[in-house]
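Each chain, letter by letter, is given below.
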Amino acid sequence: MSNTKLSPPMKKAKSIDSKNAAASASDDPNAPALIAANLSRKKATPPHPPKKFLIRFHKGVPTLPPNFEEETWAKLKSAIGAIFMKQPVSCDLENLYQAVNDLCLYKMGGNLYQRITKECEEHISVALQSLVGQSPDLIVFLSLVERCWQDLCDQLLMIRGIALFLDRTYVKQTTNVRSLWDMGLQLFSKHLSLSSEVEHKTVTGLLRMIESERSGESVDRTLLNHLLKMFTALGIYVETFEKPFLECTSEFYAAEVMKYMQQSDAPDYLKHVETRLQEEHERCLLYLDASTRKPLIGIAEKQLLERHIPAILDKGFIMLMDGNRIEDLQRMHSLFSRVNALESLKQALSSYIRRTGQGIVMDEEKDKDMVSSLLEFKASLDTIWEESFFKNESFSNSIKDAFEYLINLRQNRPAELIAKFLDEKLRAGNKGTSEEELEATLDKVLVLFRFIQGKDVFEAFYKKDLAKRLLLGKSASIDGEKSMISKLKTECGSQFTNKLEGMFKDIELSKEINESFKQSSQARSKLASGIEMSVHVLTTGYWPTYPPIDVRLPHELNVYQDIFKEFYLSKYSGRHLMWQNSLGHCVLKAEFPKGRKELAVSLFQTVVLMLFNDAEKLSLQDIKDATGIEDKELRRILQSLACGKVRVLQKMPKGRDVEDDDSFVFNDGFTAPLYRIKVNAIQLKETVEENTSTTERVFQDRQYQIDAALVRIMKTRKVLSHTLLITELFQQEATFVPIYY
């Protein structure tokens, strides 16, 4: 390059006028005198125009030295070659940068860009060709490729630094021309595709490394990261790597599933799936391109889960439910939700509930434990729903539908047993239960009650049991009784509990009547001393219907009944009293040779025992003639007095059953540790006939409801086809709840 320097153009000098001259003169110490002289001179003589100095340019144009472009390129080419050969650059980088600037200023940027491109292409081609036939060890080969790529990146950055002015001028001003960096990447991509062996070997090595990692081996993740970023930078990631990678992933997991499904159970397999999905997610974070995550996870989910949903459910769902495996069920729900398979899980849950619940409901031998078993089953399902299924509303609906189905498999029996379960919990025998525990139990039973279609059956049995608890004083908690009625009222309306509430009102009113009776003149003047009686006055419509049983009461009791009747009718005229002797109970004072006792017995037992005040020995026929009690009922009474745990009477001959020729005597040798003894009242146990009659009354009430519904429909519609009439009737009477008019 020539050392000739180009002279920059000079600016024109400004003209010097009188003002400047005056300003210059101000530096003189005699300036004031001179200024005054000038002023006086001005007044005398007009000023002369100032003289201007002009500088004229030489008309010669500067010229480039000969061979300027070639000599400059030769210097740049030498530097580029040294960079690619990893040798020191002989020329100062600042001079190289200035050389590129000069070429661009003189419109030689196009040729320079083409020459740099050609030079880079030659070196890149040689670098990639040098990889052909290299080490058969794929890991070593991948390291060589990474080294080649890193070298190219470093070299392109250095070349770009030298030719930065070319990037900022020519490349920006020319369309369809890549930057030097992009040009280098495009050339690398081009020659990599031309060198199919290198490209294929690189992709194969990457896939082998990832497969080894999936098999549990340790791999160089940094190497993977660098090479995959190379593919991304070259713009060939999707076509060259991602497609074969996803195909290999699908094949890998398809083969793995076959092995794991045969060797492991459902919980272990689901843990494996969860681990695999987490590994693939980490893979995307560590070295795969972010765009690969969605298709990769989708393929893994499809191969590991989606194609095997029925097999997983068949193999392990029942086991998980039976074992109450909260964590495993939670994992199953989470994984199934990823592949939109919750509907299959929901159907499996519904089938499980129906199958398991059917075993509970249909086993007649376990009727006694049916309700408690259903409550335990429902509680376990609620726990699973909350903790494993994340309170999913659709699963809650499936549980409700399945329970409604199984509760109503046996038409009326579950409703009856639920009423009896409540009777057991509300009886005095459960005094050890706290108020909070009782309230919690009532709430749980109410859940089962909601599933019952025949609520009228429940109401009939509940009312009958409530009547016994109230009349015999067997209620564990009056507050608990009222709480249950309040819950039923909230659930079914006031009509459902109208009669139940009326029963409580009768009990309260009876207490007031008894107090009034004790203070009345009839009681004070006519009642014999030593006898106390409490009477419950019941409203016929509120209480269950009890079949009348004939009995000849002792004289003392007959007198008491007559006196009370006289008092009651004098106070409430126009009413009719009918005594229900089957519900009466007494406390008798008995004198035994070994001590005095009090016997808590039924009224019928009382009638039988009082016969022995006047007789030493009585036969079955003698007792029947004296009491007038029906034969079957009498045999049960005598059996309770002579064959039970508390044997107040002795039967001759001894035996468990009462026969026609048996006779009975007072047990002189009776002894017991307690002073007050309860004699088991067999007649209070519900008989088959009693159950049947209760059910028949429910069916009769249903018929009345159906008739009333038909009348209501036809009054509204006037004319209706039989099919539509039946449809609307079913809609109105879908669940039988008592309707009162």
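Scroll up a little and you will see the structure.
Only a predicted model underlies this, so the values are computations on that prediction, with no experimental measurement involved.

Reading the values: rules and limits
- Residues numbered from 1 in each chain as written.
- Predicted model: local features only at pLDDT ≥ 70, side-chain atom pairs only at ≥ 80, totals over all residues.
- Heavy atoms only, no water.
- Helix = DSSP H or I, 4+ residues; strand = E, 2+ residues; numbered from the N terminus.
- Buried < 20%, exposed > 50% of the residue type's maximum accessible area, 1.4 Å probe, protein only.
- Polar contact = N/O pair within 3.5 Å; in protein donor to acceptor, adjacent residues only side chain to side chain.
- Core = buried A, V, L, I, M, F, W, Y, C linked by side-chain atoms within 4.5 Å.
- Contact = heavy atoms within 4.5 Å.
- Disulfide = S-S within 2.5 Å.
- Salt bridge = Lys/Arg side-chain N within 4 Å of Asp/Glu carboxyl O.
- Pairing = 2+ DSSP bridges.
- Axes fitted to C-alpha atoms, helices over the stretch in contact; angles between N-to-C directions.

Student: Quick question: what am I supposed to make of the side chain of S483 here?
Tutor: Locating S483 in the fold gives a position in helix α22 (residues 478-492). The exposure class assigned to S483 is buried, which follows from its relative accessible area of 17%. At 2.8 Å, the side chain of S483 and the side chain of E439 are in polar contact.

Student: Is there a simple way to think about unusual backbone geometry in this case?
Tutor: In most cases, non-glycine residues show a negative phi, while peptide bonds are predominantly trans. The omega torsion of the bond from M652 to P653 falls at -5°, within 30 degrees of zero and hence cis. Structurally, the position occupied by P653 is in the loop between β4 (649-652) and β5 (663-666). Positive phi, close to 60°, is recorded for N176, a residue that is not glycine. Along the chain, N176 turns up in the loop between α7 (164-173) and α8 (180-194). The backbone of N340 sits at a positive phi, close to 55°, despite the residue not being glycine. Summarising the element assignment, N340 is placed in the loop between α15 (326-338) and α16 (342-361).

Student: Help me understand the nonpolar core, please; the structure alone is not making it clear to me.
Tutor: Inside soluble globular proteins, nonpolar side chains tend to come together where they are buried. Membership of the largest hydrophobic core comes to 80 residues, with the highest contact counts inside it found for F317, I353, F403, F458 and Y462. If we skip the residues at most four places from it in the chain, Y462 touches A419, L422, L426, R469, E481, M484, I485, L488 and L500. With 63 residues, the next largest nonpolar core counts A79, I116, V203 and L206 among its residues.

Student: When you look at the state of the cysteines in this model, what are you seeing that I'm missing?
Tutor: What the rule picks out here adds up to zero disulfides. Here C153 is not disulfide-linked; the sulfur of C148 is the nearest cysteine sulfur, at 9.6 Å. With relative accessibility at 11%, the residue C153 sits in the buried group.

Student: Sorry, what's going on with the pattern of salt bridges here?
Tutor: Once the charged atoms of two side chains with opposite charge are near each other, the side chains can pair. Across all of its chains, the model carries 37 salt bridges by this definition. Where K190 meets E121, a salt bridge forms, and the shortest distance between an N and an O atom there is 2.9 Å. Pair noted here: K190 is in helix α8 and E121 is in helix α5 (residues 109-129), with a separation of 69 residues, a long-range link. Residues R214 and E280 are paired through a salt bridge, measuring 3.0 Å at the closest nitrogen-oxygen approach. Residue R214 is located in helix α9 (residues 196-214), and its partner E280 is located in helix α12 (residues 266-286); the two are separated by 66 residues in the primary sequence. Accessibility expressed as a relative area gives 6% for R214, which makes it buried. Linked through salt bridges whose partners overlap, the residues forming this network are E213, R214, R221, E280 and R283.

Student: How do you make sense of the sheet that holds strand β1 (residues 585-592) when you look at a structure like this?
Tutor: As a general point, the strands of a sheet are linked pairwise by backbone hydrogen bonds and lie either parallel or antiparallel. With mixed pairing, three strands are arranged side by side in an open sheet as β1-β2-β6. Strands at the two margins of the open sheet, each flanked by one partner only, are β1 and β6 (676-678). For this sheet, the mean inter-axis angle between neighbouring strands, taken without regard to orientation, is 30°. Note: β1 against strand β2 (residues 595-602), eight bridges, orientation antiparallel. Bridging across to β2, A590 finds its partner in K597. Helix α26 (residues 603-610) rests against β1 and β2 of the sheet, and its axis sits at about 135° to β2.

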